[in-house]
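What the coordinates show
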Amino acid sequence: MPREPGRVLLVGAGPGAADLLTVRAARAVGAAQALLYDALVPQEILDLAPANCLKIQTGKRAGRTSMAQATINRLMVRLARRGLDVVRLKGGDPSVFGRIGEEMAALQAAGIEAQVIPGVTAAAAAAAQFGFPLTHRGQARRVVLTTARLDQGGLAEDWRAAADPEATLAIYMGGASAGAIRDRLLAAGRSAATPVLAVENAGRAEARLFSGVLGGLAETVPGDLDGPVLIVVGEVAAQAVQRALPALTQLAS
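Residues numbered from 1 in each chain as written. Predicted model: local features only at pLDDT ≥ 70, side-chain atom pairs only at ≥ 80, totals over all residues. Heavy atoms only, no water.

1. With respect to the environment of Gln57
Applicable threshold: Strands here are runs of E lasting at least two residues and helices are runs of H or I lasting at least four, both read from the DSSP assignment and numbered beginning at the N terminus. By definition in these notes, contact holds between two residues if any of their heavy atoms fall within 4.5 Å.
Looking at the secondary structure, you find Gln57 in strand S3 (residues 54–57). With 32 residues separating them in the primary sequence, Gln57 and Leu89 have C-alpha atoms 9.6 Å apart. Setting aside anything within four residues of it in sequence, one finds Gln57 in contact with Tyr37, Ala39 and Met67.

What follows is the structure, encoded as structure tokens:
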């Protein structure tokens with residue numbers, strides 16, 4: 001008899017700390033027969049998988065060599081057709097710059113059952129860790145989640161929505177493009193005095209916070225950061241300055 005296909009769970013690993021996984025996500029990893037994980041998923045989360053689980057790193061990380069998306073799609077389908085329950089483990093939330101649409105489409109076309117388990121995205125993790133809100137009465141009525149880079153590696157051109165003074169702008173994967181992002185936002189009409197933050201490794205114990213104003217964004221973001229960088233632009237960013245210092249002191253002690 002032909003083997004019944006397994007299913008694929010597209011799981012958000014959150015910002016990296018194992019205790020920020022949802023209970024459902026932790027259970028999924030703990031029961032996985034095959035685990036396809038991104039480069040930013042830390043070892044403490046991978047250790048939750050069974051000892052006999054097949055683990056394959058897909059290496060998805062902005063600006064670095066990684067497994068092609070088409071290859072990942074084929075691998076998920078192949079493993080599921082072998083009867084394995086597959087967990088596709090992504091940093092943050094799968095629906096936020098996680099290519100979940102492409103993966104779901106590939107699985108559905110192959111007749112593979114797929115489910116999504118959400119995770120904590122970097123913007124929410126940074127706000128919680130450094131004590132600032134993403135929305136705030138009188139300052140921020142909306143939040144714009146955007147990526148600095150297009151698929152071809154170029155910088156996004158249309159920043160008009162991000163220029164709204166009542167919007168908090170959370171820019172993913174923007175550390176290497178801080179100067180160009182500043183120029184685009186200023187050209188779109190955002191004030192040079194708008195508070196900004198850059199958070200490296202949001203949600204992790206080693207997270208670092210850098211604060212400034214939009215006009216000095218290129219100087220605010222150090223050029224030697226190795227971890228993923230989230231840039232936050234908006235009036236709410238000013239609230240993180242004094243609240244973040246005790247947290248950083250505690251983390252460093």
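2. As for the sheet that holds strand S2 (residues 34–37)
Convention followed: Pairing between strands requires that DSSP locate at least two bridges from one strand to the other. Here, axes are lines fitted to C-alpha atoms. For helices the fit covers the stretch in contact, and angles between N-to-C directions go from 0 to 180 degrees.
The sheet built from five strands is open, its strands ordered S3-S2-S4-S1-S5 with parallel pairing. Looking along the sheet, the strands with just one partner apiece sit at the ends: S3 and strand S5 (113–117). This sheet shows a mean twist of 15 degrees between the axes of neighbouring strands, independent of strand direction. Strand direction decides the pairing type here: S2 and S3, joined by four bridges, are parallel.

3. A short note on the pattern of salt bridges
If charged atoms from side chains of opposite charge come close, those side chains can pair. Filter applied, for reference: The term salt bridge refers to a pairing of a side-chain nitrogen on Lys or Arg with a carboxyl oxygen on Asp or Glu at a separation within 4 Å. Relative accessibility decides the category of a residue: with a 1.4 Å probe and only protein chains considered, values under 20% of the type maximum give buried, values over 50% give exposed, and everything between is partly exposed.
All told, the structure shown has eight salt bridges when counted by the stated rule. Among the salt bridges present, the one from Lys90 reaches Glu103, with a minimum N-O distance of 3.0 Å. Remark: Glu103 occurs in helix H4 (residues 100–109) and Lys90 occurs in strand S4 (residues 86–90); sequence separation between them is 13 residues. Neither residue differs from the other here; Lys90 and Glu103 are each classed as buried. Via salt bridges that share partners, Asp38, Arg88, Lys90 and Glu103 belong to a single interconnected network.

4. What about helix H6 (residues 178–188)?
Our working rule: The arc refers to the directions leading from the helix axis to the C-beta atoms.
Residues Ala178, Ile181, Arg182 and Leu185 constitute the buried set of H6. For H6, the arc enclosing every buried residue in end-on projection is 100 degrees, short of the 170-degree limit, so these residues lie on one face. Packed against the buried residues of H6 are strand S7 (167–172), helix H7 (217–220) and strand S10 (229–233). Trailing H6 by a residue or two, Gly189 shows a phi angle of about 110 degrees, which is positive.

5. What about the sheet that holds strand S9 (residues 208–213)?
Reading across from one edge, S6-S7-S10-S8-S9 is the order of the five strands in this open sheet, with mixed pairing throughout. This sheet does not close on itself; its edge strands, each paired only once, are strand S6 (142–147) and S9. Strand-to-strand twist of the sheet, defined as the mean angle between neighbouring strand axes without regard to direction, takes the value 20 degrees. Pairing of S6 with S7 involves six bridges; the strand directions are parallel. Along S7, the bridge assignment pairs Val144 with Leu169.

6. Examining the confidence of the model for the protein
Put simply, the rule is: Each residue gets a pLDDT score, which is the predictor's confidence in that residue and runs from 0 to 100.
With 88% of its residues at a pLDDT of 70 or more, the protein has an overall mean of 88. Low confidence marks residues 242–253, where pLDDT is under 50. Its contacts with residues over four positions away, or in another chain, come to 12 contacts.

7. Quick look at unusual backbone geometry
A positive phi is found at Phe97, a non-glycine position, where the angle reads about 55 degrees. Structurally, Phe97 is set in the loop between S4 and H4. Given a relative accessible area of 38%, Phe97 falls into the partly exposed group.

8. Focus on the side chain of Glu200
Here is the rule: Any N or O atom pair separated by 3.5 Å or less is treated as a polar contact, with the protein-specific requirement of one donor-capable and one acceptor-capable atom, and with residues adjacent in sequence counted only for side-chain atom pairs.
Note on placement: Glu200 falls in strand S8 (residues 195–200). Relative accessible area serves as the criterion here: at 6%, Glu200 is assigned to the buried category. A polar contact is formed between the side chain of Glu200 and the backbone nitrogen of Asp226, at a distance of 3.2 Å. Within the local environment of Glu200, its side chain forms a polar contact with the backbone nitrogen of Gly227, the two atoms lying 2.9 Å apart. Among all residues touching Glu200, those that are not within four sequence positions of it are Ala207, Arg208, Leu225, Asp226, Gly227, Pro228 and Val229.

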